[in-house]
Amino acid sequence: MLLYLLQQESSSTELRTECAVVLGSLAMGTENNVKSLLDCHIIPALLQGLLSPDLKFIEACLRCLRTIFISPVTPEDLLYTDSSVISHLMGLLSRSRYTQEYICQIFSHCCKLQHWHSCGFNSLPQPLLCANGPDHQTILFNYGAVQNIAHLLVSTSNKVRMQALKCFSVLAFENPQVSMTLVNVSVDGELLPQIFVKMLQRDKPIEMQLTSAKCLTSMCRAGAIRTDDPCIVLKTLPCLVRMCSKDRLLEERVEGAETLAYLIETDVELQRMASITDHLIVMLADYFKYPSSVSAIADIKRLDHDLKHAHELRQAAFKLYASLGANDEDIRKKIIETENMMDRIVNGLSESSIKVRLAAVRCLHSLSRSVQQLRTSFQDHAVWKPLMKVLQNAPNEILVVASSTLCNLLLEFSPSKEPILESGAIELLCSLTQSENLALRVNGIWALMNMAFQAEQKIKSDILRGLSTEQLFQLLSDSDVNVLMKTLGLLRNLLSTRPHIDHIMSTHGKQIMQAVTLILEGEHNIEVKEQTLCILANIADGTTAKELIMTNDDILQKIKYYMSHSNAKLQLAAMFCISNLIWNEEEGSQERQDKLRDMGIVDILHKLSQSSDPNLCDKAKTALQQYLA
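Described below are features of the structure shown in this document. Residue numbering note: each chain is counted from 1, following its sequence as written. For a predicted model such as this one, the threshold for reporting local features is a pLDDT of at least 70, and the threshold for listing and counting side-chain atom pairs is 80 or more; totals across whole chains, interfaces and linings nevertheless cover every residue. Only hydrogens and water are set aside when side-chain values are computed; all heavy atoms of the structure are taken into account.

Quick notes on the overall build of the protein chain
Secondary structure summary: the protein chain contains 38 helices and 2 strands in total. For a compact globule of 629 residues, the expected C-alpha radius of gyration is about 25 Å, and the protein chain comes in at 32 Å, more than 25% above that figure. A principal-axis box enclosing the C-alpha atoms of the protein chain has dimensions of 105 × 60 × 45 Å. For every residue, the accessible area (1.4 Å probe, protein chains only) is compared with the maximum for its type, and the residue is labelled buried under 20%, exposed over 50%, or partly exposed between those bounds. Looking at the protein chain residue by residue over its 629 residues, the buried ones come to 55%. Total accessible area on the protein chain stands at roughly 28300 Å², and carbon and sulfur atoms take up 51% of it. Each charge class in the protein chain was averaged separately, 60 positive and 70 negative side chains, and the resulting centres sit 3 Å apart. In this text, helices come from DSSP runs of H or I with a minimum length of four residues, and strands from runs of E with a minimum of two, each type numbered from the N-terminal end. Each radius of gyration reported is based on C-alpha atoms, and the globular scaling rule is 2.2 Å times the count of residues to the power 0.38. Here the open area of atoms and residues is found with the Shrake-Rupley method and a 1.4 Å probe, where only the protein chains shown may cover a residue. Lys and Arg are tallied as positive, Asp and Glu as negative. Neither His nor the chain termini are counted. Every charge is mapped to an atom, namely NZ of Lys, CZ of Arg, CG of Asp or CD of Glu.

Let's talk about the side chain of S108
Mapped onto the secondary structure, S108 falls in helix α7 (residues 97-109). Ignoring anything within four residues of it in the chain, the contact list for S108 reads Q163, K166, C167 and V170. A contact between two residues is defined here by any heavy atoms of the two lying within 4.5 Å.

Structural notes on the layout of surface pockets
The definitions used throughout rest on a 1 Å grid laid over the protein atoms alone, on which a cavity is an enclosed set of points accommodating a 1.4 Å probe that cannot get out and a pocket is an open set flanked by protein within 12 Å on both sides along at least five of seven lines; lining residues are those having an atom within 4 Å of a point. Grid points are joined across faces, edges and corners, and a volume is the space filled by probe spheres set on the points. By volume, the largest pocket is sized at about 1900 Å³. Surrounding the largest pocket, 50 residues form its lining, F173, K214, E258, T259 and K319 being those nearest its centre. Mapped onto the lining of the largest pocket, the elements with two or more residues apiece are α7, α10 (158-172), α13 (206-221), α15 (250-264), α18 (300-324), α21 (354-367) and α25 (396-409).

Here we look at the environment of L26
On the secondary structure map, L26 appears in helix α2 (residues 13-27). Classification of L26 as partly exposed rests on a relative accessible area of 38%. In this structure the C-alpha to C-alpha distance between L26 and L37, which are 11 residues apart in sequence, comes to 8.7 Å. Not counting residues up to four positions away in its chain, the partners in contact with L26 are L2, N33 and L37.

Things to note about empty space enclosed by the protein
Left-over empty space is what a probe sized like a water molecule reveals as it rolls over the atoms. With the rule as written, the count across this model stands at 1 cavity of 30 Å³ or more. Roughly 70 Å³ of internal volume is contained in the largest cavity. L464, S468, T469, L472, F473, L476, H508, Q511, I512 and A515 are the residues that line the largest cavity. Elements supplying a minimum of two residues to the lining of the largest cavity: α29 (457-476) and α31 (498-521). Ranked by residue count, the leading element in the lining of the largest cavity is α29, at 6 residues. Classes in brief: Ala, Val, Leu, Ile, Met, Phe, Trp, Tyr, Cys and Pro nonpolar; Asp, Glu, Lys and Arg charged; the others, Gly included, polar. Across the lining of the largest cavity, the residue classes tally to 6 nonpolar, 4 polar and no charged.

Some points on the packing of helix α12 (residues 192-199) against α13
Between the N-to-C directions of two axes lies an angle of 0 to 180 degrees, each axis being a line fitted to C-alpha atoms and, for a helix, fitted only over the stretch in contact. At a minimum axis distance of 8 Å, the contact between α12 and α13 shows a crossing angle of 145 degrees. For the element pair α12 and α13, the recorded crossing hand is left-handed. Judged by residue contacts, P193, F196, V197 and M199 of α12 engage M208, Q209, S212, C215, L216 and M219 from α13. In terms of residue class, the contact of α12 with α13 is made up of 8 nonpolar, 2 polar and no charged. Crossing chirality is assigned from the near helix's rotation relative to the far helix, an anticlockwise turn below a right angle marking it left-handed and a clockwise turn marking it right-handed.

Observations concerning the environment of L250
Locating L250 in the fold gives a position in helix α15. With 62 residues separating them in the primary sequence, L250 and E312 have C-alpha atoms 8.6 Å apart. With sequence-adjacent residues up to four places away left out, L250 is seen in contact with Y290, R302, D306, H309, A310, E312 and L313.

Digging into the packing of helix α34 (residues 553-563) against helix α35 (residues 568-582)
Running from amino to carboxyl end, α34 crosses α35 at an angle of 130 degrees, the nearest separation of the two axes being 7 Å. On the basis of their axis angle, the class for α34 and α35 is oblique. Of the two elements, α34 crosses α35, and the hand of that crossing is left-handed. Of the residues in α35, those in contact with L556, I559, Y562 and M563 of α34 are L570, Q571, A574, M575, C577, I578 and L581. The class makeup of the residues in the contact of α34 with α35 is 10 nonpolar, 1 polar and no charged. Should an angle lie under 35 degrees it is considered roughly parallel, over 145 roughly antiparallel, and from 65 to 115 roughly perpendicular; all remaining angles are considered oblique.

What about helix α38 (residues 614-628)?
With 15 residues, α38 extends 21 Å from end C-alpha to end C-alpha; this agrees with the ideal 21 Å at 1.5 Å per step. Of all the residues in α38, the buried ones are L616, C617, A620, A623, L624, Q626 and Y627. Residues of α38 that are buried sit in contact with α35, α36 (589-598) and α37 (601-608). Pairing of N or O atoms within 3.5 Å defines a polar contact, subject to two protein rules: one partner must be a possible hydrogen donor and the other a possible acceptor, and residues neighboring in sequence count only if both atoms are side-chain atoms. Where α38 begins, the side chain of D613 points an oxygen toward the backbone nitrogen of N615, at a separation of 2.9 Å. A helix is expected to reach a length of 1.5 Å times the quantity of its residues less one.

Some thoughts on the packing of aromatic side chains
Only the six-membered ring of Trp is used, alongside the rings of Phe and Tyr, when aromatic pairs are assigned; centres must lie within 6.5 Å, and planes under 30 degrees apart are stacked while those over 60 apart are edge-to-face, with the rest tilted. Tallied over the full model, the rule gives 5 aromatic pairs. Between the aromatic rings of Y98 and Y102, the centroid separation amounts to 6.2 Å while the plane-to-plane angle is 25 degrees, which identifies the pairing as stacked. Placement of both Y98 and Y102 in helix α7 is noted, with a separation of 4 residues, approximately one turn of the helix. The class for Y98 is partly exposed, based on a relative accessible area of 33%. Arranged with centres 5.3 Å apart and planes meeting at 50 degrees, the rings of F173 and Y262 form a pair that is tilted. Taken together, the residues F173 in the loop between α10 and α11 (176-182) and Y262 in helix α15 connect sequence positions 89 residues apart.

Observations concerning α10
The end-to-end C-alpha separation of α10 is 21 Å, in line with the 21 Å expected for 15 residues at 1.5 Å each. Taking burial as the measure, the 15 residues of α10 include 11 buried ones, the bulk of the element. Of the positions making up α10, those classed as buried are V160, R161, M162, Q163, A164, L165, C167, F168, S169, L171 and A172. Measuring from the backbone nitrogen of K159 back to the side-chain oxygen at the start of α10 gives 3.3 Å, which picks out S157 as the cap.

Description of unusual backbone geometry
A positive phi is found at H41, a non-glycine position, where the angle reads about 60 degrees. Despite not being glycine, S468 has its phi angle at roughly 70 degrees, a positive value. Looking at where S468 falls in the secondary structure, it is placed in helix α29.

Remarks on the pattern of salt bridges
Each reported salt bridge corresponds to a side-chain nitrogen of Lys or Arg within 4 Å of a carboxyl oxygen of Asp or Glu. Tallied over the entire structure, the rule returns 28 salt bridges. Linking K166 and E207 is a salt bridge whose minimum nitrogen-to-oxygen distance equals 2.7 Å. With K166 in helix α10 and E207 in helix α13, this pair connects stretches of sequence that are 41 residues apart. Among the salt bridges present, the one from R592 reaches E547, with a minimum N-O distance of 3.6 Å. Linking R592 in helix α36 with E547 in helix α33 (residues 546-550), this pair joins segments that are 45 residues apart in sequence.

Side note on the nonpolar core
Side-chain atoms within 4.5 Å link the members of a nonpolar core, which is a set of buried Ala, Val, Leu, Ile, Met, Phe, Trp, Tyr and Cys residues. By size, the foremost hydrophobic cluster in this structure holds 217 residues, and its most contacted members are F168, L324 and L536. Once residues within four sequence positions are removed from consideration, L536 is found in contact with M513, V516, L520, I549, I555, I559 and C577.

Some remarks on the environment of R492
Relative to the assigned elements, R492 resides in helix α30 (residues 481-494). In this structure R492 comes out as partly exposed when scored by relative accessible area, which is 33%. Remark: the alpha-carbon pair of R492 and Q557, spanning 65 residues in sequence, is separated by 21 Å. Of note is the side chain of R492, whose polar atom sits 2.7 Å from the side chain of Q531.

See below:
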């Protein structure tokens, strides 16, 4: 009935306005209320109402739309089904401070990074979004959001300023195009970054400080502001650290820590600076003791809310610790020495919240980059056990980080390597190499490569058995160069030390030589070819294995070709193969030398001994001495 009256042109404007107000009140109720209103197609009706000449009615419609769009049950792309809507909303921004406040709020809630699908309302013309269409940020940007909203940052209304600021924080997030534009926009002679810095000051509302810090963080991460710019180092970073302190509300501490983690994630200087600001590393430990005492929180409602959201604090702390420890060994040491830190990470790995588990694994991954910690704290707390448990049945986003961490725990100097092997890791990693997810394939093969390094023969045989020849070929023909390089690295590690080389080549020689031929003939970059020639050099170092090269004229011709290649790295790698084949002290060396001389190898060695490259020259001379001895 209300919707019917709202849409009747014959109803008085006062009545239609009242209908919009009452519908807005209904939308403020439960999520079911909002669902019912959506089912009745309230959004097209309210958008139609925005075409009215009456400002009070427009404001009531916008207020109701705002309430509906901020509900989690409303699909954001309902705003983008008709290309004229965004344009009309931009036009309404100048009508009143209420239209400004509500429209900015609608935009900031309906601006998502993902490529959303059109929601398929065929009755509405010109859908803006298709399966591969532009995302919300791009649409709003193209309709002039930056120019239309910028001047609202200096509005006399606090609410309007705040909503405009929120709008920019979502528009700029992970968006270089918006960020690069914002940095050059000025309002009343002042550039936007300067306006944001003013909004960071301590006398401004906390929400305003935080949101300005988010805008500057996004602009910095997009490369629009340098990481050593005073507005980042002296303003944004200290403001975000301030938000992590005990006296801030739970939401502010969570947002402060997560934004700071994002700001410093890739910059070692910012990580060092944050780590020594206001005892941040120790301050974050309080995130795990929340709430510290019931009596400290007078408001029982607040306590109930915070108890339900305490896991968000733990997640934020893990994220920030992960960023802090990403590069600097001293910072990692400080983090690990923070009270019960390793126990907290281990507990985090088995929390019910996926977000906390993911953040805990990220934190562990960051700390696992430390050789010292792998040998001490990681071993003392048997971190590999809960990590292996996480790897059993986790969603992909956790699997990717957990398998990256496992790669580090399998490095040869890590004491965890042995127990991980005993707990069935080979089978697990071989299954990861078959994943459709590229990052998981890379990590699976990378971990196997680390595992095979200086391993005993049994482990190498187990890896080859677990992978199967078919899967090895699959990986060697993977379209991703990372997968290919790590697979070649695995083969190189498997084919090291003579007895191992001979054993593996006696069982898998034919297939490995086939794979080597395929790669040397294929369209691959220099690094791939170099790694492949190094594998051949390892095979040539075997006692019986080298015969697989000597009896393969095709491979010998390829080695000869690469000795005269224009790239010195490839020439050098091919020379290693030749040196290993002609080495005097080994049985059958005379026959091998004669065969290679007949192929013209000695002539090439003479040429290379005159090379201007000292490495090539030395290697050629050493090889020629084998012929003279």
